[in-house]
Amino acid sequence: MNRTDLLQIAQTYGNPTYVYDAHKITSQYERLTNAFKNVSNLKLHYAVKALSNVSILKLMKSLGAGLDTVSIQEVQLGLAAGFSAEDIMYTPNGVSLREIEHAAQLGVKINIDNLSILEQFGSKHPEVPVCIRINPHVMAGGNHNISVGHIDSKFGISIHQIPHVLRIVELTGMHINGIHMHTGSDILDIDVFLYASEILFNTANNFKNLDFIDFGSGFKVPYKKDDIQTNIEELGEKLSTRFNEFCKNYGKELSLNFEPGKFLVSEAGYFLAEVNVVKQTTSTVFAGIDSGFNHLIRPMLYNSYHHIENISNPEGRERYYSVVGYICETDTFGNNRRISEIREGDILKFNNAGAYCFSMASNYNSRYRPAEVLWYENEAHLIRKRETFDDILRNQVEVNLATTKKEKKIPKNA
Ligand SMILES: *Cc1c(COP(=O)(O)O)cnc(C)c1O
């Protein structure tokens, strides 16, 4: 997919629009499976929350992936996309026992991350095997906003509470089929990750008949040229060796599971937006686009860097710009960016727009959510229509205010 293809997509489907390159998703999937080729049972469960369009889920299915889901609705989406229940892992945090029971009824793999629900679920449904989410208290990343392994994290059952888990298992007769961790969204240091894996192996030895160990995700992808990224090949080599050794000692060939979201889809996505206005101020040149944090919130929420290019004028002379949105709050996509000269009406392309971009979009300022396009086998396919005014009004119930006032009775002794 080149610049001309993207411009053509912008022309055909309008702006703003998300575009996903199926080829990039496939090559990332293959890179990961290839890194772990020495493990006999490798399962990749794509984390639906990163990008949950049904066509993307179907693409994942065609590659051989299962799904990692965090809500009952994501489970239902997976089933609607044609996944069988046993290929769906349900890893919620802080949901009701009722919702977990619903997921169990649908037949998906259940992952429980607190002792209260573990005990209640085990008492009521000892016949349903469950996986437990462990917090090894290891931070495998630098950014505190997205590391979930630290001591005060709300995620997982503390590694120090394993004795209590064992007590619950014994008293309820429930069966633990997997051990899981997901320590954060940025695996920078492979040794730290391997250290956390050792804690997982130690934990696993407490349980007799496991089927899998799930190492979650957190693979880092590059956002800029020369950005640090997880060395998947090195991780694959080291963890595979250690995993195979563990299985030998454990006496059973377990499955090694991962739940990549960002790694599979981040770099495959582009966000296209049109420039509404170029505005010179005393201190900068603003390029105001037909979008805002209602469509792409990561720069404002996480301070994430998304590379921006002007695909309408690639040969133009470069200048420094502040690229901003149209929301009535500060919504800066990028400050002091060197971009080839921007003219009103030009199309800007944002990179790394596959993960946590559309899936976090909203209708703030009563704007429509963008269209989504999948670039598959050298052709553009619309996979989500742009919203319309009907979508803004949907589910709103109009109250006849005049009538309400008339019917209101004033209490006697008010
Ligand atoms: C969000 C999430 C993932 C995916 O994380 P990425 O950083 O996008 O790869 C995996 N597992 C669980 C439990 C998650 O909540």
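Please read all numbers here as calculations on a predicted model, not as lab measurements.

Moving on: the packing of helix 4 (residues 72-80) against helix 5 (residues 97-106). Relative to each other, helix 4 and helix 5 sit at 15 degrees, their axes nearing to 10 Å. Classified by the angle their axes make, helix 4 and helix 5 are roughly parallel. Note that helix 4 runs across helix 5; the crossing there is left-handed. Between helix 4 and helix 5, the residues in contact are I72, V75, Q76 and L79 and E99, H102, A103 and L106, respectively. Residue composition of the contact of helix 4 with helix 5, grouped by class: five nonpolar, two polar and one charged.

Its place among the elements puts R319 in strand 14 (residues 318-324). Each residue touching R319, except ones within four places of it in the same chain, is listed here: Q280, V285, R337, R338 and I339.

Another aspect to go through is the side chain of D113. When you line up the elements, D113 lands in the loop between strand 5 (109-112) and helix 6 (115-124). Within the buried core, D113 has no salt-bridge partner, and the shortest N-O distance to an opposite charge, that of R133, equals 4.8 Å. A distance of 2.8 Å separates a polar atom in the side chain of D113 from a polar atom in the side chain of N93. Only 3.1 Å separates the side chain of D113 from the backbone nitrogen of G156, close enough to count as a polar contact. Non-local contacts of D113, meaning those with residues more than four positions away in its chain, are made with P92, N93, G94, R133, K154, F155, G156 and I157.

The biggest cluster of nonpolar side chains holds 103 residues, and the ones touching the most others in it are Y46, F215 and F350. No other element matches the eight residues that helix 8 (residues 190-204) contributes to this core. When we break this core down by domain, the ones giving at least three residues each are domain 1 (22-265) and domain 2 (269-386). Discounting residues that sit within four places of it in the chain, F215 has contacts with M181, F193, S197, L200, F201, L239, F243, L256, N257 and F258. Membership of the second largest hydrophobic core comes to nine residues, among which are L6, I9, V373 and W375.

Turning next to the site of the ligand. Of all residues adjacent to the ligand, which total 14 residues, the nearest are K49, S217, E259, K262 and Y356. Within the contact set of the ligand, a nitrogen atom lies 2.5 Å away from a side-chain nitrogen or oxygen of E259. Across the complex, the protein chains shield 95% of the 390 Å² of accessible surface that the ligand would expose by itself.

Close approach of charged atoms allows side chains with opposite charge to pair. Taken as a whole, this structure holds 12 salt bridges when the rule is applied. A salt bridge links E101 to K124; the shortest N-O distance between them is 2.9 Å. Of the two residues, E101 is situated in helix 5 and K124 in helix 6; the sequence distance between them amounts to 23 residues. Two residues, K349 and E309, come together in a salt bridge whose shortest N-O distance is 3.7 Å. Linking K349 in strand 16 (residues 347-350) with E309 in strand 13 (residues 308-310), this pair joins segments that are 40 residues apart in sequence. When its relative accessible area of 11% is taken as the criterion, K349 is described as buried. Under the relative-accessibility criterion, E309 is labelled partly exposed at 32%.

As a further point, take the domain arrangement of the chain. Size of an interface, as often reported, equals the accessible area lost when the parts are brought together. Domain assignment breaks the chain into domain 1 (22-265) and domain 2 (269-386). Of note, the centres of domain 1 and domain 2, computed from C-alpha atoms alone, are 33 Å apart. Counting residues at the interface gives 14 residues for domain 1, matched by 17 residues for domain 2. Note on domain 1 versus domain 2: buried area summed over both sides is about 1500 Å², and carbon and sulfur give 57% of it. Area buried by domain 1 at its contact with domain 2 is led by A22, N53 and Y223, which between them contribute 35% of it. Where domain 1 packs against domain 2, one counts zero salt bridges. There are eight residue pairs in polar contact (both at pLDDT 80 or more) connecting domain 1 and domain 2.

Here helix 2 (residues 22-35) contains 14 residues, and its C-alpha end-to-end distance of 20 Å stays within 8% of the 20 Å for a straight helix at 1.5 Å per residue. Buried within helix 2 we find A22, I25, T26, Q28, Y29, L32 and A35. Contact partners of the buried residues in helix 2: strand 1 (17-21), strand 2 (42-47), helix 3 (54-63), helix 9 (232-250), helix 10 (262-265) and strand 17 (371-376). Structurally, the start of helix 2 carries an N-cap: the backbone nitrogen of H23 is 3.0 Å from a side-chain oxygen of D21.

Glancing now at the environment of C357. You can see C357 is positioned in the loop between strand 16 and strand 17. Residue C357 is classed as buried on the basis of its relative accessible area, which comes to 1%. Expressed as a C-alpha distance, the spacing of C357 and T203, which sit 154 residues apart in the sequence, is 35 Å. Setting aside its immediate chain neighbours within four residues, C357 contacts Y18, A50, H295, L296, R298, H306 and N352.

Moving on to a nonpolar patch on the surface. A grouping of Y368, F389 and L393 is seen on the molecular surface, where their side chains present a nonpolar patch of about 290 Å² in accessible area. Looking at the element boundaries, F389 is found in helix 12 (residues 389-393).

Here is what the cut-offs are and how they apply
- Residues numbered from 1 in each chain as written.
- Predicted model: local features only at pLDDT ≥ 70, side-chain atom pairs only at ≥ 80, totals over all residues.
- Heavy atoms only, no water.
- Axes fitted to C-alpha atoms, helices over the stretch in contact; angles between N-to-C directions.
- Helix = DSSP H or I, 4+ residues; strand = E, 2+ residues; numbered from the N terminus.
- Parallel < 35°, antiparallel > 145°, perpendicular 65-115°, else oblique.
- Left-handed = near helix turned anticlockwise from the far one by under 90°.
- Contact = heavy atoms within 4.5 Å.
- Nonpolar A, V, L, I, M, F, W, Y, C, P; charged D, E, K, R; others polar.
- Buried < 20%, exposed > 50% of the residue type's maximum accessible area, 1.4 Å probe, protein only.
- Lys, Arg positive; Asp, Glu negative; His and termini not counted.
- Salt bridge = Lys/Arg side-chain N within 4 Å of Asp/Glu carboxyl O.
- Polar contact = N/O pair within 3.5 Å; in protein donor to acceptor, adjacent residues only side chain to side chain.
- Core = buried A, V, L, I, M, F, W, Y, C linked by side-chain atoms within 4.5 Å.
- Domains from an automatic or database assignment.
- Near = heavy atom within 4 Å.
- Areas by Shrake-Rupley, 256 points an atom, 1.4 Å probe, with all protein chains shown as cover.
- Buried area = accessible area lost by both parts, 1.4 Å probe.
- Expected span 1.5 Å × (residues − 1).
- Patch = residues over 30% accessible without salt bridge, like charges linked within 9 Å, V, L, I, M, F, W, Y side chains within 5 Å.

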